[in-house]
Amino acid sequence: MNAFTYTAAPARIVFGAGALREVGAEVERLGARRALVLATPEQADAAGRVAALLGERAAGVFAKAAMHVPVETAREARETARRLGADCAVAIGGGSTTGLGKAIALEAPPDSPLPIIAIPTTYAGSEVTSIWGLTEGGVKKTGRDARVLPRTVIYDPELTLTLPLPMTVTSALNAIAHAAEGLYAPDGNPVVALMAEEGIRTSAAALPALARDPRDIEARGDALAGAWLCGTVLGSVAMGLHHKLCHTLGGTFNLPHAQTHTVVLPHALAYNAAAAPEAMARIARALGLTGLDAAADVQHAVPRAVQALAARHGAPTSLRALGMPAAGIDRAADLAVTTPYPNPRPLERAALRALLQRAYDGAAPAAD
Ligand code: NAD
């Protein structure tokens, strides 16, 4: 038995096809009267729909969210919120838009906090974490702060029907990555393990159905429920090697977020497999892998099954395909061992360099 401490994140979750129509009632429930609606330029229409549903409760639309939350965008959004007298923000979109909402909440004056309602349209999971990120001068800073946790999350699978299939696959693998690392987190606990295993199971099971029909609303619901579970794991426990590598690769070489997670995950799992046998057994069960008797078989099969899941659905499997320069492998290996972070297997530079080379080449995952 392991001792543990668990603090549940105090968020209200409203889930269901058509749940978007509850947005007005949810703003009212927060005691807010003027909501600033946030989106990316690509999802300006969705933001307009939210504003129309809010009617008088809409203070305005700010559709300039961008990947990795540039500090200039965050400043402009804050200024817009102040100028329009917004007393809450509604963020409709993926992790980039949720991140913009968090950046506004982070700097809100203590005497007038700005609560966020998040309406996620990808599987990134940011809506249920208190992790914020801001990019200034090409450097992304991240931190945890309870003020940025969205107070309410509206999950409406109908809003994900437009998510293109390639992004659907990589975003679901991004979600699976949160749960997989949560299973070997040093601060894990039984509730998180349950959520992680079920999150992986639900997310992975949705992909074949979505590949057949990206407008399958039942499968969209499963994928979004999986994203909620996996995101909750991310928000609850410390992440390890995989998230560190993806953060480093994304920030240093400007690689796309979900795709980078998809490529790296099998390799990070292979690196950690022998040091985290229980986590591997749970992932194997969640992926429906059968006929594996010895722990070594499980440790070999799980990373390969994750890579096959991505490849089968047309996702990228190499960092080269994402545009990483070959010369960056050594730099990434150096960065991966500079700041300490929790990981079941000690960080060994030579083995990490080999891992990165395999991820760069799109080779099969291996432990050494
Ligand atoms: P994203 O938010 O950058 O979205 C990618 C593109 O897809 C955008 O153009 C967006 O408008 C579009 N899009 C989103 N949903 C759509 C839909 N349903 N239909 C059509 N187009 C849609 O991508 P993401 O992967 O969700 O988020 C990545 C960002 O989130 C990264 O910056 C990452 O660091 C951050 N993130 C933060 C956390 C956290 O806990 N703080 C967790 C996960 C990700």
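Our subject is the structure listed above.
Residues numbered from 1 in each chain as written. Predicted model: local features only at pLDDT ≥ 70, side-chain atom pairs only at ≥ 80, totals over all residues. Heavy atoms only, no water.

A.B. asks: Can you help me understand the packing of aromatic side chains in this one?
C.D. replies: Within this structure, the stated rule accounts for 1 aromatic pair. Judged by centre distance (5.7 Å) and plane angle (40°), the rings of Phe 15 and Tyr 155 are tilted. Remark: Tyr 155 occurs in strand β8 (residues 152-155) and Phe 15 occurs in strand β1 (residues 12-15); sequence separation between them is 140 residues. Overall, Phe 15 belongs to the partly exposed group, its relative accessible area being 37%. (Phe/Tyr/Trp six-rings, centres within 6.5 Å; stacked < 30°, edge-to-face > 60°. Helix = DSSP H or I, 4+ residues; strand = E, 2+ residues; numbered from the N terminus. Buried < 20%, exposed > 50% of the residue type's maximum accessible area, 1.4 Å probe, protein only.)

A.B. asks: Explain the packing of helix α9 (residues 257-272) against helix α11 (residues 295-312) to me, please; I cannot follow it from the model alone.
C.D. replies: For any two helices packed against each other, one specifies the crossing angle of their axes together with the interaxial distance. Running from N to C, α9 and α11 cross one another at 170°; their axes reach a closest spacing of 8 Å. Here α11 runs roughly antiparallel to α9, going by the angle between their axes. Contact residues: α9 offers Thr 262, Leu 265, Pro 266, His 267, Leu 269 and Ala 270, while α11 offers Val 302, Pro 303, Val 306, Gln 307 and Ala 310. Classifying every residue of the contact of α9 with α11 gives 8 nonpolar, 3 polar and no charged. (Axes fitted to C-alpha atoms, helices over the stretch in contact; angles between N-to-C directions. Parallel < 35°, antiparallel > 145°, perpendicular 65-115°, else oblique. Contact = heavy atoms within 4.5 Å. Nonpolar A, V, L, I, M, F, W, Y, C, P; charged D, E, K, R; others polar.)

A.B. asks: Help me out: how do you make sense of the layout of surface pockets in this one?
C.D. replies: A volume near 480 Å³ is recorded for the second largest pocket. Elements with a contribution of two residues or more to the lining of the second largest pocket: α6 (190-212) and α10 (277-286). Ranked by residues supplied to the lining of the second largest pocket, first place goes to α10 with 4 residues. Split by residue class, the lining of the second largest pocket holds 12 nonpolar, 4 polar and 2 charged. (1 Å grid on protein atoms, 1.4 Å probe; cavity = no way out; pocket = protein on both sides within 12 Å on 5 of 7 lines; lining within 4 Å. Points joined across faces, edges and corners; volume = space filled by probe spheres on them.)

A.B. asks: How do you make sense of the nonpolar core when you look at a structure like this?
C.D. replies: The tendency in soluble globular proteins is for nonpolar side chains to be buried side by side. Counting residues in each nonpolar core, the largest one holds 51 residues, and the members touching the most others are Tyr 123, Ile 200, Leu 269, Met 280 and Ile 283. Sorting the residues of this core by element identifies β8, α5 (165-182), α6, α7 (217-236), α9, α10 and α11 as the ones contributing at least two each. Of the residues forming this core, the biggest block, 10 residues, is contributed by α6. Two domains each put at least three residues into this core: domain 1 (12-160) and domain 2 (165-361). Residues contacting Met 280, with those up to four places away along its chain left out, are Tyr 184, Leu 269, Ala 273, Val 298, Gln 299 and Val 302. (Core = buried A, V, L, I, M, F, W, Y, C linked by side-chain atoms within 4.5 Å. Domains from an automatic or database assignment.)

A.B. asks: Would you mind going over the sheet that holds strand β3 (residues 58-62) with me for this structure?
C.D. replies: Where strands meet in a sheet, backbone hydrogen bonds hold them as pairs that are either parallel or antiparallel. Spatial ordering of the open sheet is given by β1-β8-β5-β4-β2-β3, a layout of 6 strands whose pairing is parallel. The outermost strands of the open sheet, each flanked by one partner alone, are β1 and β3. The average angle at which neighbouring strand axes cross in this sheet is 15°, direction not considered. Relative to β8, strand β5 (residues 116-120) is paired through 2 bridges, and the arrangement is parallel. Across the sheet, Ile 117 pairs through a bridge with Thr 152, a residue of β8. Where α7 meets the sheet, its contacts fall on β1 and β8, and the angle it forms with β1 comes to roughly 170°. (Pairing = 2+ DSSP bridges.)

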